[in-house]
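# Observations on the model geometry
Residues per chain, in single letters:
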Amino acid sequence: MIEETLFEAEEKMDKAVSVGKEDFAAIRTGRAHPSMFNKIMVDYYGSQTPINQLASFHVADARMITVQPYDKSSMGVIERAIRDSDLGVNPSNDGQVIRVVLPELTEERRRQYIKLAREKAENIRVSIRSVRRHAKDALEKLVQDSEVGEDEAARAEKQLETMTKNHVDQVDELLKHKESELLEV
């Protein structure tokens, strides 16, 4: 029972960290990379579809990405979705590909992105702590129901605290890396 609870908690914490990595990848830095587009959804024939399922992305240079839609008729909706996203870009369409030129990041915009990264990191930490709280409640319930002893539960709680600290440290490391990436000029 204890092992199951700890295993489930660790899986959920790992998932929170991996979602955090995706969120950080979507925050724009000075260089162009296709993962910036991962969170953009396109209204494709009435359903919300991730843009990376509708087009391929090619990094032409450090500040330009070309987007090649698989279906040429979807070019307009893809272009509109990119324009309406929080990337702050104005894509151009030549009938074959969509060119997305990323403007230079100003100091103010870099600070905004750092603030956004810190908010995302805090949300990830909160979700990790929430997983810890639920696991701790499950362990306390096992003790109350006399399914495990108090010593076993105390050892499991220590393991849970260590696990939580490790995952929060991973998030802090991701944040530190993203901040240094954003501050590069």
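Residues numbered from 1 in each chain as written. Predicted model: local features only at pLDDT ≥ 70, side-chain atom pairs only at ≥ 80, totals over all residues. Heavy atoms only, no water.

By the naming in an unreviewed UniProt entry, the protein is Ribosome-recycling factor, taken from Phytoactinopolyspora halophila. Within the UniProt record for the protein, the comment given under Subcellular location (unreviewed entry) is "Cytoplasm". (UniProt positions renumbered as here; feature names shortened; annotations may be inferred.)

Here the focus is the pattern of salt bridges. Overall, the coordinates contain 14 salt bridges when judged by the stated rule. Of the charged contacts in the structure, one is a salt bridge between Glu79 and Arg83, with a shortest N-O distance of 3.0 Å. Residue Glu79 and its partner Arg83 are located together in helix H2 (residues 75–84), separated by 4 residues, close to a single helical turn. For Arg83, a relative accessible area of 36% corresponds to the partly exposed category. Ionic pairing is found between Arg99 and Asp94, a salt bridge with its closest N-O pair at 2.8 Å. (Salt bridge = Lys/Arg side-chain N within 4 Å of Asp/Glu carboxyl O. Helix = DSSP H or I, 4+ residues; strand = E, 2+ residues; numbered from the N terminus. Buried < 20%, exposed > 50% of the residue type's maximum accessible area, 1.4 Å probe, protein only.)

Now for the nonpolar core. Grouped together as the largest cluster of nonpolar side chains are 27 residues, with contacts concentrated most on Ile2, Ile128 and Leu160. Contributing elements (two or more residues each) for this core: helix H1 (2–26), helix H3 (107–144) and helix H4 (150–183). Among the elements that line this core, the one with the most residues is H3, at 10 residues. Beyond its immediate stretch of four places on either side in the chain, Leu160 contacts Leu6, Ala9, Met13, Arg132, Ala135, Lys136 and Leu139. Ranked by size, the runner-up nonpolar core spans 20 residues in total, among them Val42, Ile51, Ile82 and Leu102. (Core = buried A, V, L, I, M, F, W, Y, C linked by side-chain atoms within 4.5 Å. Contact = heavy atoms within 4.5 Å.)

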